[in-house]
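Coordinate analysis (summary)
Each chain, letter by letter, is given below.
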Amino acid sequence: MTDRRRFLGFGAAAVLALATGCTGGASEPGPADFSGQITGDITVLTNRTDLATTALPEYAKKFQAEYPGTKVTFEPVTNYEGDVTTQLSSGEYGDVLLIPNTVAVDQLGQFFEPLGTIDEIRAEYRFADEKAYDGKVYGLSLGGVANGFVVNKRIWAQAGITAPPKTPDEFLAGLKAVDEKTDAIPFYTNYKDGWPLSFWNSQRAVLGKADANETFPADPNPWQPGKIQHITDGLLFDIVHGKLSEPDPLTTNWEGSKPMLGTGKVASMLLGSWALPQMRDAAKAAGSDPADIVFWPFPYQTDGKFHARIEGDYKGAVSKTSRNKATAKAWLEWFVTESGFAADQQSIPPAVDQELPAALKDFQATGVELMELPAATTNSGKEDQIMKSSEIDLTGNIYRQKLVDIARGAADGDKDSYFAELNKRWSEAQSQVMK
Amino acid sequence: MTLGQRRWMPWLYLLPALGLLITFTYVPVGNMLLYSFTSWDGLDVTMEPAGLDNYVRVFTDERYWRVFLVSGYYFAASFVQIAIALYFAVILSFETRFRNLFKGILFFPYLLNGVAVGFVFLYLFQPGGTLDTVLGGIGLGEHTRFWLGDPDVANISLAGTSVWRFTGLSFVLFLGAIQSIPGEVYEAAEIDGAGRWHQFRHIIVPGIRRIISLSFILAISGSLSVFEIPFIMTGGANGTRTFVVQAYETAFQFRQIGLASAMAVVLLIVVLIVTWVQRRLVPDEEVQLT
């Protein structure tokens, strides 16, 4: 009998090892401790595999010159979201890292050190509240982007349109003119890669209301006419339904779409302003004029004015398990404000007192007001919960791919029936979450 | 060796294998069962118990069980796959010119990584891609369509890719089984005047019945759990979402590990039931060739 007991004991030990392994990394939030010398080694996780051996070590060299005795090592992660989410539960995730979007706001304290209160951080940095919970900020944005349409203005000019359309109908008419007068595909959805479809969710500012994120989860029917999802998803539907997008959405290719826009085979895409330098590079590489690529606001005006949402990119954070938090915080702050990374990437600098990049100054010249939409506070995290339980991924591509399928006649239903279904699924989950 | 030693010695030899089996099979499955009764998001320190909620949801929400219907395409395709594999296995087990070359060609797709297969076929099915060019070249240009974009053919295209990839596996299984049939049996049959068809019908098929039956079991469980081909080629869009793709999205896109675990448990049970039913219908008989 002893044998069997030993054997069971082994099994139990294995169960225990796995159970603790799954939850080992997280612990209850405590007060942040950044005292101590700024010296020693830190490891920085980055999603920019393209810069990990080129530009990033250059920044590190400057930092090490400023703070002697420090050493910054980069750990590039190709599949950032997935790999780092797994790493988080192991407890080993570097000293400074980008907060994966899979971490819900109320879990931030389990993995990252609070960097200060929202008010303190907001005095110095933009996008302070995007990774904050309970008044505490856990991440600093590495740079910000504006949202809107990346267009090839040469093609639009051939169709007779030189100024950004002001309403969805005007925009559709413009796309139709592009279709008729040029050989270009008027609009490219990037359906196959999926993530470009998520930018339809970044247009919430067009209604000109700064509290949009707070009020959104309180609304049981966001797809009703006049509401934001009806405006944005409705425009996507109409574009595809009017056959103004690529003929076979299932075989699109993000890398391939860059030179297509650059050379004028495609006239427009909905993306963030971060795409401008990439598209211009692609245009240059293909022998076209990079100046053709410009950024236009979403075609909707409130009080006679365009509004475009600006938001932070990935937020850098200090890991809770770091053994060198003082240096980690120093690096993060230096990288965000002094390294020049944001300017090099042509994104909006996180420090409030630094200037906008040139591309966005042109964008502002179209008369658009750039708006930061503060994250929800009373309804903090509710929108995520509704998304999860309704399985309507506003921030993703699954339900929008279905929308495109319906619009092009590849799935049953029409605009009204699908929006009604979305409203129903959303409000069922919403009433559960908000009760 | 004392009596005591004799008792625990077998366990000692079994220990490594048992350890691996328990750590990497039974403990994870046990964990999965545990998760399926919680509303865990895969990250939080606490796991909220959810009772049977996840299972109720899998069975009552149409969106979860409807995706099983897509498996029908792959199931139908597996018959094509078995037929092709059997045909070539029979032909190539007799003297044929370039026999080994053809064996290699048929088995080769199975050696390719599933991700690579997905990408290769993505280009094949593109408008103006390889398939359209070939059809145009042989005068069937009017039959080209959006192989992945047209919802009526998207699943057929994907199932076709699956046939291309897995025919090699069925083929080697059949080939091995056929070659284990002693050569004298054929000689005797030939002397008795049996043609190729009769040899196939009365010697080969009964001789490899077990492998054929195994192939069908693999085909059913395989078609219920299709993942990489639709995931890579369409991401489950355009009505090609299979049960496993849906479970993946639930787990990693919507962070509902509990619900996704329940889906995995349901899939496991369905596969077990189907296999059991099949074993009842087609009993495993001893093969008698003499």
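Remember, predicted model here, so these are calculated numbers, not experimental data. (Residues numbered from 1 in each chain as written. Chains lettered and ligands numbered in written order. Predicted model: local features only at pLDDT ≥ 70, side-chain atom pairs only at ≥ 80, totals over all residues. Heavy atoms only, no water.)

1. Details of the pattern of salt bridges
A side chain with one charge can pair with a side chain of the opposite charge if their charged atoms come near. All names here are of chain A. Under the definition given, this model contains 27 salt bridges over all chains. In this structure, the salt-bridge partner of Arg408 is Asp405, at a minimum N-O distance of 3.1 Å. Exposure remark for Asp405: the relative accessible area of 3% places this residue in the buried category. (Salt bridge = Lys/Arg side-chain N within 4 Å of Asp/Glu carboxyl O. Buried < 20%, exposed > 50% of the residue type's maximum accessible area, 1.4 Å probe, protein only.)

2. Considerations on unusual backbone geometry
All names here are of chain A. The phi angle at Asp303 is positive, at roughly 55°, despite the residue not being glycine. Tracing the backbone shows Asp303 in the loop between strand 11 (301–302) and strand 12 (305–312). A positive phi angle is found at Glu391, which is not glycine, with a value near 55°. Looking at where Glu391 falls in the secondary structure, it is placed in the loop between helix 15 (382–390) and helix 16 (398–407). Note on Glu391: relative accessible area 5%, which makes it buried. (Helix = DSSP H or I, 4+ residues; strand = E, 2+ residues; numbered from the N terminus.)

3. Structural notes on the domain arrangement of chain A
Residue and element names in this part refer to chain A. Partitioning chain A into structural domains gives domain 1 (4–142 + 314–349) and domain 2 (144–312 + 356–435). The C-alpha-based centres of domain 1 and domain 2 are spaced at 31 Å. If you look at the interface, domain 1 gives 14 residues, while domain 2 gives 16 residues. Interface of domain 1 and domain 2: buried area, both sides summed, is about 1300 Å²; carbon and sulfur atoms make up 55% of it. Looking at the side of domain 1 facing domain 2, the largest losses of area belong to Phe127, Gln346 and Ile348, adding up to 43% of the total buried there. Inspection of the domain 1/domain 2 interface yields zero salt bridges. Partitioned by chemical class, the residues of the side of domain 1 that touches domain 2 number six nonpolar, four polar and four charged. (Domains from an automatic or database assignment. Contact = heavy atoms within 4.5 Å. Buried area = accessible area lost by both parts, 1.4 Å probe. Nonpolar A, V, L, I, M, F, W, Y, C, P; charged D, E, K, R; others polar.)

4. Details of the packing of helix 1 (residues 3–35) of chain B against helix 14 (residues 257–281) of chain B
Residue and element names in this part refer to chain B. Viewed as axis vectors pointing N to C, helix 1 and helix 14 meet at an angle of 120°, and their least axial separation amounts to 7 Å. As summarised for this structure, helix 1 and helix 14 are arranged oblique, according to the angle between their axes. The interaxial crossing formed by helix 1 with helix 14 has left-handed handedness. Between helix 1 and helix 14, the contacting residues are Met32, Leu33 and Tyr35 on the first element and Ile257, Gly258, Ser261, Ala264 and Val265 on the second. Its residues assigned to classes, the contact of helix 1 with helix 14 comprises six nonpolar, two polar and no charged. (Axes fitted to C-alpha atoms, helices over the stretch in contact; angles between N-to-C directions. Parallel < 35°, antiparallel > 145°, perpendicular 65-115°, else oblique. Left-handed = near helix turned anticlockwise from the far one by under 90°.)

5. What to know about the UniProt feature "transmembrane region" (unreviewed entry) in chain B
All names here are of chain B. Under the UniProt annotation, the feature "transmembrane region" (unreviewed entry) is placed at residues 12–37, 73–94, 106–125, 156–178, 211–233 and 253–277. Taken end to end, residues 73–94 is 95% helix and 0% strand, and its two terminal C-alpha atoms sit 33 Å from one another. Taken end to end, residues 211–233 is 87% helix and 0% strand, and its two terminal C-alpha atoms sit 31 Å from one another. (UniProt positions renumbered as here; feature names shortened; annotations may be inferred.)

6. Comments concerning the interface of chain B and chain A
Listed by partner, the interface residues are 40 residues for chain B and 36 residues for chain A. Approximately 3300 Å² of surface area, both sides summed, lies buried where chain B meets chain A, with 62% of it carried by carbon and sulfur atoms. Of all residues in chain B, Leu43, Val45 and Phe254 of chain B bury the most surface against chain A, accounting for 22% of the area lost on that side. One can count two salt bridges joining chain B with chain A. As a salt-bridge pair, Arg63 of chain B and Glu391 of chain A come within 4.0 Å of each other at their nearest N and O atoms. Counting the contacts that link chain B with chain A gives 13 residue pairs in polar contact (both at pLDDT 80 or more). Those elements giving two or more residues to the side of chain B that touches chain A turn out to be helix 1, helix 3 (62–65), helix 6 (114–125), helix 12 (228–233) and helix 13 (243–253) of chain B. Considering each element in turn, the side of chain B that touches chain A owes the most residues, ten residues, to helix 1 of chain B. Tallied by class, residues from the side of chain B that touches chain A come to 20 nonpolar, twelve polar and eight charged. (Polar contact = N/O pair within 3.5 Å; in protein donor to acceptor, adjacent residues only side chain to side chain.)

7. Focus: the UniProt feature "domain: ABC transmembrane type-1" (unreviewed entry) in chain B
UniProt's entry tags residues 67–278 of chain B with the feature "domain: ABC transmembrane type-1" (unreviewed entry), counted in the numbering of this structure. Taken end to end, residues 67–278 of chain B is 76% helix and 0% strand, and its two terminal C-alpha atoms sit 22 Å from one another.

8. Structural notes on the environment of Gln430 of chain A
All names here are of chain A. On the secondary structure map, Gln430 appears in helix 17 (residues 415–433). Note: C-alpha distance between Gln430 and Ile348 (82 residues apart in sequence) is 34 Å. For Gln430, the residues in contact, after removing those within four places along its chain, are Pro217, Ala218, Asp219, Pro220 and Ile386.

9. Section: the confidence of the model for chain A
The predicted model of chain A has a mean per-residue pLDDT of 87, with 93% of residues at 70 or higher. Note on residues 1–30 of chain A: pLDDT is under 50 here. Beyond four places in sequence and across chains, it has 33 contacts. (pLDDT = per-residue confidence, 0-100.)

10. Remarks on the packing of helix 4 (residues 71–93) of chain B against helix 5 (residues 99–111) of chain B
Residue and element names in this part refer to chain B. The geometry of helix 4 relative to helix 5 is characterised by a closest axis approach of 10 Å and an angle of 160° between their N-to-C directions. Taken as axis vectors, helix 4 and helix 5 run roughly antiparallel relative to one another. As for how helix 4 packs across helix 5, the hand of that crossing is left-handed. Here Phe88, Leu92 and Ser93 of helix 4 lie close against helix 5, whose contacting residues are Arg99, Phe102, Lys103 and Leu106. When its residues are assigned to classes, the contact of helix 4 with helix 5 shows four nonpolar, one polar and two charged.

11. Considering the packing of aromatic side chains
Residues and elements named next belong to chain A. Using the criterion set out here, one finds 45 aromatic pairs over all chains in the structure. Aromatic ring contacts, followed pair by pair, group Tyr59, Phe63, Tyr67, Phe74, Trp331, Trp334, Phe335 and Phe341 into a single cluster. The ring of Phe216 has Arg204 lying over it, and the distance from NZ or CZ to the ring centre is 3.9 Å. (Phe/Tyr/Trp six-rings, centres within 6.5 Å; stacked < 30°, edge-to-face > 60°. Lys NZ or Arg CZ within 6 Å of the ring centre and 35° of its normal.)

12. Some words on the environment of Gly258 of chain B
All names here are of chain B. Note that Gly258 resides in helix 14. We classify Gly258 as buried; its relative accessible area is 1%. In this structure the C-alpha to C-alpha distance between Gly258 and Asp41, which are 217 residues apart in sequence, comes to 7.0 Å. When sequence neighbours within four positions are dropped, the list of residues in contact with Gly258 reads Tyr35, Ser36, Thr38, Trp40 and Asn54.

13. Let's talk about the pairing of strand 8 (residues 144–152) of chain A
Residue and element names in this part refer to chain A. Most of strand 8 is tucked away: nine of the nine residues are buried. Relative to strand 12, strand 8 runs antiparallel, the two being bridged by three bridges. When the sheet's bridge partners are listed, Ala146 is paired in strand 12 with Ile310. Of the strand pairs in this sheet, strand 8 and strand 9 (residues 268–272) are connected by five bridges, and their pairing is antiparallel. Bridge pairing in strand 9 links Val151 to Ser268. Where strand 8 and strand 10 (residues 293–296) come together, four bridges link them in antiparallel fashion. Bridge assignment links Phe149 to a residue of strand 10, and that residue is Trp296. (Pairing = 2+ DSSP bridges.)

14. Structural notes on the confidence of the model for chain B
Any region with low pLDDT has predicted coordinates that should not be read closely. All names here are of chain B. Here chain B shows a mean pLDDT of 89. Residues at 70 or above account for 97%. Ranking the helices and strands of chain B by mean pLDDT puts helix 4 first, with 93, and helix 3 last, with 85. The ipTM, which scores confidence in the relative placement of chains, is 0.79 for this predicted complex, and the corresponding pTM is 0.82.

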